[in-house]
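These are the residues of each chain, in order.
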Amino acid sequence: MHENGFTTTILHSDRKQSVEHGAVHKPMHPSSEFAYDDARELAAVFQGKAGFTYARQGTPTTTALEAKVSQMEAGKGTVSFATGMAALAAIFTTLLRRGDHLVSSQFVFGNTNSLFGTLQELGVEITFVDATDSSQVRAAIRPNTRMVFTETIANPGTQVADLAVIGEICREKGLVYVVDNTLTSPWMFRPASVGASLVMNSLSKYIGGHGNALGGAVTDTGLYDWSGYENIYEAYRKGPATGWGLTQIKKKGLRDMGGTLAAEPAHRIAVGAETLALRMAKHCANALALARFLEEHPGVAKVHYPGLASHPQHARAAALFGSRFGGLLGVELADGVDCFDFLNRLRVVLMATHLGDTRSLALPAAHTIYYEMGAERRKQMGIADSLIRVSVGIEDEADLLFDFDQALTGCLKG
Ligand SMILES: *Cc1c(COP(=O)(O)O)cnc(C)c1O
């Protein structure tokens, strides 16, 4: 039987779920509460029947977006959140308890690193390992280990974790395998293919894609058997065990903690997602061209990009991501090129935090997003003082190369 591809599926997702009046978009539902003609019906929805009660637990608009993310990830179910951080916080705080042990990649998003500090204060034990080397993950596992966490391509060093072997280790040991797929997006990579249990995506980045909405999502791949996971509350041990983890994340993480995605950003993200495949292909093509150009440039000491043959995990990235390498570069400037001087000379590229926007963005990583953690932890994470993080947009390639060249050449001439 013919199955529709990535973009066709997203474009026709709302329509296939019988939208009111034949609209091709699910309409925005800003209603806070949902009323019923029959009180028994209201009670039934509270007791588990599909439906809506109070918008903190979701709306038809977020449900429509969640269906799209599930399709993109080929997952069994998705819960959306107000931001990617809310989604990550929900995973860790609802599934881990005091005394549990988590093994995490040491190369993680700065705010995730900070969140881990909070978890440690609450009594969760965390071991950070170099996840590009799966033997370090295996060696870190203890009797109380419950979960392994990694990103796909790390930011800004672009390290590529040994995702497939870590998946095998987690299956063998019965551990929950959580993968942050933000840098790759489900167009480049589906973590389910390496045995991930839960996939987190920041919808604020490539999926929404236009720098006009924040959101996050947790997708259950259906690969983990939650019946053996001790931390699931009795109330959520109902129905097939493959759904228990996500039910707990939704009840505890969304309903009780309240990091709910509102209807308007959910709608913007859903529209953005329609062109994910087109944008992502251009992000990848521009980033590869820019990485090759900068690697040869006298103003640059080193370029971190998985698409370059010089990248330590180039072959792994090619195998995992179908020879597509994403839109993020780490650029270490040559001695004598001041990072602030360089950034100030850029004309097309914006000096801004954020990534995955249609516009190219750059920032001095050590002095901004990784400032708070201090020099020692930066060194451990491989973040040099002159490192520029570049989120390559979808501008015309020649304009990006020209802009970087004129800024670097200007610095070299002093
Ligand atoms: C941005 C980002 C997040 C957090 O997402 P927000 O939507 O900004 O909260 C988490 N992980 C990675 C890898 C990110 O790049």
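Residues numbered from 1 in each chain as written. Predicted model: local features only at pLDDT ≥ 70, side-chain atom pairs only at ≥ 80, totals over all residues. Heavy atoms only, no water.

S.K.: Whenever I open this one, the nonpolar core confuses me. Can you help?
M.R.: A general feature of soluble globular proteins is that nonpolar side chains tend to end up buried together. Core analysis: the largest hydrophobic core is formed by 78 residues, its most contacted members being Leu 329 and Phe 342. The element contributing the most residues to this core is helix H13 (residues 276-295), with 9 residues. Lining this core are residues from two domains, each supplying at least three of them: domain 1 (6-273) and domain 2 (277-413). Counting residues in hydrophobic clusters, the runner-up holds 33 residues, among them Leu 198, Tyr 236, Ala 241 and Leu 246. (Core = buried A, V, L, I, M, F, W, Y, C linked by side-chain atoms within 4.5 Å. Buried < 20%, exposed > 50% of the residue type's maximum accessible area, 1.4 Å probe, protein only. Helix = DSSP H or I, 4+ residues; strand = E, 2+ residues; numbered from the N terminus. Domains from an automatic or database assignment.)

S.K.: Any chance you could explain the packing of helix H4 (residues 60-73) against helix H12 (residues 263-273) here in plain terms?
M.R.: Between two packed helices, what matters for the description is the angle formed by their axes and the separation of those axes. Interaxial distance between H4 and H12 falls to 9 Å at its minimum, and their mutual angle equals 30 degrees. Remark: the crossing between H4 and H12 carries left-handed chirality. Together, Thr 61, Thr 62, Leu 65, Lys 68 and Met 72 of H4 and Ala 263, Ala 266, His 267, Ile 269, Ala 270 and Ala 273 of H12 make up the contact between the two elements. Counted by class, the contact of H4 with H12 contains 7 nonpolar, 3 polar and 1 charged residues. (Axes fitted to C-alpha atoms, helices over the stretch in contact; angles between N-to-C directions. Left-handed = near helix turned anticlockwise from the far one by under 90°. Contact = heavy atoms within 4.5 Å. Nonpolar A, V, L, I, M, F, W, Y, C, P; charged D, E, K, R; others polar.)

S.K.: Teacher, can you tell me more about the domain arrangement of the protein chain here?
M.R.: By a widespread convention, an interface's size corresponds to the accessible area lost as its parts come together. Looking at the assigned domains, one finds that the protein chain contains domain 1 (6-273) and domain 2 (277-413). The distance between the C-alpha centroids of domain 1 and domain 2 comes to 28 Å. Facing the 40 residues of domain 1 at the interface are 37 residues of domain 2. Interface of domain 1 and domain 2: buried area, both sides summed, is about 3,200 Å²; carbon and sulfur atoms make up 59% of it. (Buried area = accessible area lost by both parts, 1.4 Å probe.)

S.K.: What exactly am I supposed to notice about the packing of aromatic side chains here?
M.R.: Ring pairs (aromatic) are described by centroid distance and by the angle formed between their planes. A full pass over the atoms with the stated rule returns 12 aromatic pairs. Ring geometry for Phe 92 versus Phe 149: centroids 5.4 Å apart, planes at 80 degrees, classification edge-to-face. A residue pair is termed long-range when its members are at least 10 positions apart, and Phe 92 in helix H5 (residues 84-95) and Phe 149 in strand E4 (residues 145-151) qualify at 57 residues. Comparing Phe 92 with Phe 149, the two get one shared label, buried. Considering the side-chain rings of Phe 342 and Phe 404, the 6.0 Å spacing of their centres and the 40 degrees angle between planes classify their relative orientation as tilted. Of this pair, Phe 342 sits in helix H15 (residues 339-345) while Phe 404 sits in helix H17 (residues 397-413), and the two are 62 residues apart along the sequence. This pair shows no difference in class: Phe 342 is buried, exactly as Phe 404 is. Three or more aromatic residues link up through ring pairs in this structure, and these residues are Phe 92, Phe 116, Phe 128 and Phe 149. Taking NZ or CZ as reference, Lys 252 lies 4.7 Å from the ring centre of Tyr 233, over its face. (Phe/Tyr/Trp six-rings, centres within 6.5 Å; stacked < 30°, edge-to-face > 60°. Lys NZ or Arg CZ within 6 Å of the ring centre and 35° of its normal.)

S.K.: Just to check I follow, could you spell out the sheet that holds strand E11 (residues 361-364) for this structure?
M.R.: Two orientations exist for strands paired in a sheet by backbone hydrogen bonds: parallel and antiparallel. Reading across from one edge, E8-E9-E12-E11-E10 is the order of the 5 strands in this open sheet, with mixed pairing throughout. Two strands close off the open sheet at either side, each with one partner strand: strand E8 (300-304) and strand E10 (350-351). Relative to strand E12 (residues 387-391), E11 is paired through 4 bridges, and the arrangement is antiparallel. Bridge pairing in E12 links Ala 362 to Val 390. The strands that H13 touches are E8, strand E9 (328-333) and E12; relative to E9, the one it contacts most, it runs at about 15 degrees. (Pairing = 2+ DSSP bridges.)

S.K.: Help me understand the sheet that holds strand E2 (residues 101-105) in this model?
M.R.: What the 7 strands build is an open sheet, ordered E1-E7-E6-E5-E4-E2-E3; its pairing is mixed. Two strands lie at the open edges of the sheet, namely strand E1 (77-81) and strand E3 (125-129), each paired on one side alone. The sheet shows a mean angle of 20 degrees between the axes of neighbouring strands, direction not considered. Judged from the 5 bridges that link them, E1 and strand E7 (residues 216-220) form a sheet pairing that is antiparallel. What sits directly across from Ser 80, in E7, is Ala 217.

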